[in-house]
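# Analysis of the macromolecular model
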Amino acid sequence: MCMKKKKVAWSTALAVLLGTVSVSAHPPVSVVVNGSQVTFDRPPIIVEDRTLVPMRKIFEALGARVEWDEPTQSITSYYGTDTLLMFVGQKEVYRNGEVVYIMDVPAQIMTDRLFVPVRAVAEGLSAKTAWDEKTYTVSVTGKDVQVPEPNGENSGTGTNTLKAKDGTPIFTVEVSGESFGENNETAKQVNASLARERQINAENIMAQYGDAAEATYEAVQAEKGNFMPWYYKYMDKVTAENNRYLSVLQEAMLFTGVRPAKTWTAKVYAVQTGQQVDPWDILPESRREVEQVVKQGFLSLIHANPSGFYGDAEKRLTEHMTEMGFYLTETGIVFFLNPDTIAPPEAGIVAFFVEYPY
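Along each chain, residue indices are assigned from 1 in the same order as the chain's sequence is written. Local features are withheld for residues below a pLDDT of 70 in this predicted model, meaning they are given only at 70 or higher, and side-chain atom pairs are given and counted only at 80 or more; totals for whole chains, interfaces and linings count all residues. Computation of side-chain values covers all heavy atoms of the structure but excludes hydrogens and water.

## A few points about the sheet that holds strand E2 (residues 36–37)
Filter applied, for reference: By this definition, two strands are paired if DSSP reports at least two bridges between them. For the purposes of this entry, the term helix denotes a DSSP run of H or I that reaches at least four residues, the term strand denotes a run of E that reaches at least two, and both are numbered from the N terminus.
Pairing in this open sheet of four strands is mixed, and the strands run E2-E1-E13-E12 from one edge to the other. The sheet is open, and its two borders are formed by E2 and strand E12 (128–132), each paired with just one other strand. For strand E1 (residues 30–33) and E2, the ladder comprises two bridges, and the chain directions are antiparallel. What sits directly across from Val33, in E2, is Ser36.

Structure, rendered in structure tokens:
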């Protein structure tokens, strides 16, 4: 009887699903790069007659190195001496700072994965594409290039200031960072990765906000108003370093004329593997148990000061637990949520500390 009920429930769920999803009549889309078929962990999809594929696989198949920046929702890839940049939801593709292609369908996040248009990637990397209507195959032919590795001497720090036509500074991007002691291979690799990330971050932020800063300055000048220069400050702070873990807090401050907005991201690496780890990789409890304890920690903050949080803070907390960040200190773990998650922006970052001898 139980089995019969399960089958009925499954059939009902399937019927509802099929009733809400448009079923495509075309065969599965294949992508061939330089003569070899690319295997994706999520199948290519067609949106408005454009083929979109998971981001990382298509860039790597073409021999490009690719980086994803969550705060700016940007994709940066390196191909020979070229740097390609695109943003989720925006149609422009930049190569070496100039727009080289306008996408009909921009990069977008679907089912928790980032998809990019094959043709846009190919055009941006100076590759050629061909479409076979009969087999639903996209063929991409790229040039043979060497992708340079990041220069270990480049710390990825510095200041870049954008000036208006009259010479007035209107937008300054400043990045800095602390480094781990390079007493093991993981520390060396992480230092190089963080330096590269800082450099990419600075370039992306300038590309994303530079035009807007200039347009705002010109509008304020036309109205004979007072323009306050925009700025972006970013810093990597080493919060813990031992023979087991490396922890870094990444603090960003963005000002675009209204109120400075501070956000945090953080990364914790296992020295033995060089891989990033989650709290449940460090703590003895299961992932579910850790998430429950962390959730209770945030709930305690909400209950202690209800007026400092949104009225539906508990509901928001449940919805945004996947956005929870953490970093290590020498004596424990800090868990945090960024502004406008469970509390208004002016409340700042919500965080609490748990002492733990990891």
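## Here we look at the pattern of salt bridges
How we decide: When a carboxyl oxygen of Asp or Glu is within 4 Å of a side-chain nitrogen of Lys or Arg, the pair counts as a salt bridge. Under the scheme applied here, a residue whose accessible area is under 20% of the maximum for its type counts as buried, over 50% as exposed, and between as partly exposed, the area being computed with a 1.4 Å probe on protein chains only.
Evaluation of the coordinates by the stated rule reveals 12 salt bridges. Among the salt bridges present, the one from Asp104 reaches Arg50, with a minimum N-O distance of 2.6 Å. Of this pair, Asp104 sits in the loop between strand E9 (98–102) and strand E10 (108–110) while Arg50 sits in strand E4 (residues 50–54), and the two are 54 residues apart along the sequence. On the basis of relative accessibility, which here comes to 26%, the residue Arg50 falls in the partly exposed class.

## Observations regarding the nonpolar core
Counted only if it meets this: By convention a nonpolar core is built from buried Ala, Val, Leu, Ile, Met, Phe, Trp, Tyr and Cys residues, the set being connected through side-chain atoms within 4.5 Å.
Grouped together as the largest cluster of nonpolar side chains are 31 residues, with contacts concentrated most on Phe59, Ile75, Met86 and Val116. Contributions of two or more residues to this core are made by E1, helix H2 (55–61), strand E6 (74–79), strand E7 (82–87), strand E11 (113–117), helix H3 (118–124) and strand E13 (137–141). If you tally residues by element for this core, the top one is H3, at four residues.

## Description of the side chain of Thr76
We count it as follows: In protein, a polar contact requires one atom able to donate a hydrogen and another able to accept it; more generally it is a pair of N or O atoms within 3.5 Å, and residues adjacent in sequence count only if both atoms are side-chain atoms. Any two residues whose heavy atoms approach within 4.5 Å at even a single point are treated as in contact.
In this structure, Thr76 sits in strand E6. What makes Thr76 buried here is its relative accessible area of 1%. Of note is the side chain of Thr76, whose polar atom sits 3.1 Å from the side chain of Asn204. Residues contacting Thr76, with those up to four places away along its chain left out, are Arg65, Val66, Glu67, Thr83, Leu84, Leu85, Ile200 and Asn204.

## Here we look at the sheet that holds strand E15 (residues 169–177)
Quick reminder of the rule: Note on method: axes are straight lines fitted to C-alpha atoms, helices fitted across the in-contact stretch only, with angles between N-to-C directions ranging 0 to 180 degrees.
Strand order in the open sheet formed by five strands is E14-E15-E16-E17-E18, with mixed pairing between adjacent strands. Two strands close off the open sheet at either side, each with one partner strand: strand E14 (158–163) and strand E18 (261–270). Across this sheet, the average inter-strand angle for adjacent strands is 10°, counted without regard to direction. Sheet topology note: the E14/E15 ladder contains six bridges and is antiparallel. In the sheet register, Asn160 faces E15, and the bridge partner there is Val173. Along the sheet, helix H4 (residues 185–222) makes contact with E14, E15, strand E16 (230–241), strand E17 (245–255) and E18, crossing E15 at roughly 170°.

## Remarks on the pairing of E4
Of all the five residues making up E4, four are buried; the element is thus mostly covered by neighbouring parts of the structure. Two elements, strand E3 (residues 45–47) and E4, share three bridges in a ladder whose sense is antiparallel. Note that in E4 the partner of Val47 across the bridge is Arg50. Between E3 and the antiparallel strand that follows it, E4, lie two residues; Glu48 among them carries a positive phi value of about 50°. Summarising the sheet, E4 and E11 pair through three bridges and their orientation is antiparallel. Bridge pairing links Pro54 to Phe115 in E11.

## So, the environment of Tyr231
Within the secondary structure, Tyr231 is located in strand E16. Separated by 26 residues in the primary sequence, Tyr231 and Gly257 have C-alpha atoms spaced 9.0 Å apart. When near neighbours in sequence (up to four residues on either side) are disregarded, Tyr231 contacts Phe171, Thr172, Met253, Leu254, Phe255 and Pro260.

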